[in-house]
Amino acid sequence: ARVTVLASGSGSLLQALLDAGDDAEHPARVVAVVSDRAGVGALDRATAAGVPTAVVRPGDHPDRVAWDEALAATVAGTEPDLVVSAGFARLLGPAFLAAFGGRTINTHPALLPAFPGAQPVRDTVAYGVKVTGATVHLVDAGVDTGPVLAQEAVTVDPDDTEDTLHERIKVVERRVLVETVAALVRHGATVTGRGVRIP
Ligand code: GRF
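Residues numbered from 1 in each chain as written. Predicted model: local features only at pLDDT ≥ 70, side-chain atom pairs only at ≥ 80, totals over all residues. Heavy atoms only, no water.

Visitor: Quick rundown of the UniProt feature "site: Raises pKa of active site His" (unreviewed entry) in the protein? Include the residues and the values.
Guide: The residues that UniProt annotates with the feature "site: Raises pKa of active site His" (unreviewed entry) are Asp144. Take Asp144: it is sitting in the loop between strand 6 (131-138) and strand 7 (148-155). For Asp144, a relative accessible area of 15% corresponds to the buried category. Non-local contacts of Asp144, meaning those with residues more than four positions away in its chain, are made with Asn106, His108, Leu112, Pro116, Gly117 and His137. At a separation of 3.4 Å, a polar atom in the side chain of Asp144 contacts the side chain of Asn106. (UniProt positions renumbered as here; feature names shortened; annotations may be inferred. Helix = DSSP H or I, 4+ residues; strand = E, 2+ residues; numbered from the N terminus. Buried < 20%, exposed > 50% of the residue type's maximum accessible area, 1.4 Å probe, protein only. Contact = heavy atoms within 4.5 Å. Polar contact = N/O pair within 3.5 Å; in protein donor to acceptor, adjacent residues only side chain to side chain.)

Visitor: Outline the site of the ligand, listing residues and values.
Guide: Taken together, Gly9, Ser10, Gly11, Ser12, Leu13, Gly87, Thr107, His108, Pro109, His166, Lys170 and Glu173 make up the full set of residues near the ligand. Ser12 is positioned such that a nitrogen or oxygen atom in its side chain is 2.6 Å from an oxygen atom of the ligand. Here the ligand loses 85% of its free accessible area of 370 Å² to cover by the protein chains. When contributions to the shell around the ligand are tallied by element, the ones reaching two or more residues are helix 1 (12-21), strand 5 (104-108) and helix 6 (162-187). Considering every element that reaches the shell around the ligand, the biggest residue donor is helix 6, with three residues. (Near = heavy atom within 4 Å. Areas by Shrake-Rupley, 256 points an atom, 1.4 Å probe, with all protein chains shown as cover.)

Visitor: Describe unusual backbone geometry, naming the residues involved and giving the relevant values.
Guide: The peptide bond linking Leu112 to Pro113 adopts the cis configuration, its omega dihedral lying at 10°. Within the secondary structure layout, Pro113 lies in the loop between strand 5 and helix 5 (120-127). Its identity as a non-glycine residue notwithstanding, Phe115 has a phi of 55°, on the positive side. Among the structural elements, Phe115 can be located in the loop between strand 5 and helix 5.

Laid out in structure tokens, this is it:
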């Protein structure tokens, strides 16, 4: 299956998907990486792996709607079977979801619905919870609100900082994301009233 990855940061989760693609057993290959900003690590990692990249900058478009349409068109050009948002810093808008809703997943470093939004690990440490984790979910029109596909818990240590905790969560995210992509490609996902099941 063809996977297009959306990323805005260092791309360590992207790297896990790139590395998984080298395993003949893994049924998905990253065919493109698209970012909202130039010069990020994710783009360098894609280029190093020989994977095409594209940048769709909000500043290059008159408004959010135009940017959303441009992003959808750019991703459409990569002909993905599945889109993975792995540290993508923007909300996916109506035009994108019209084209790729139902086959776009996101990974979030918290146990949704706890700690949605842009700084979940900082919020987690600030709140003082004892357990957090990683969530992979289908993307819908909300902020981190789509049906949950997979989750795994991560213990919060008393001396954790945002950075130490986030790195430990990302180790789990990388594995859960790769496993979830493989499961989706092999079995698809059935969204029912009680959430989504991967058979
Ligand atoms: C991940 O924790 C992801 O869940 C969050 O941003 C981080 C991206 O990490 N949205 P990286 O850029 O893949 O290293």
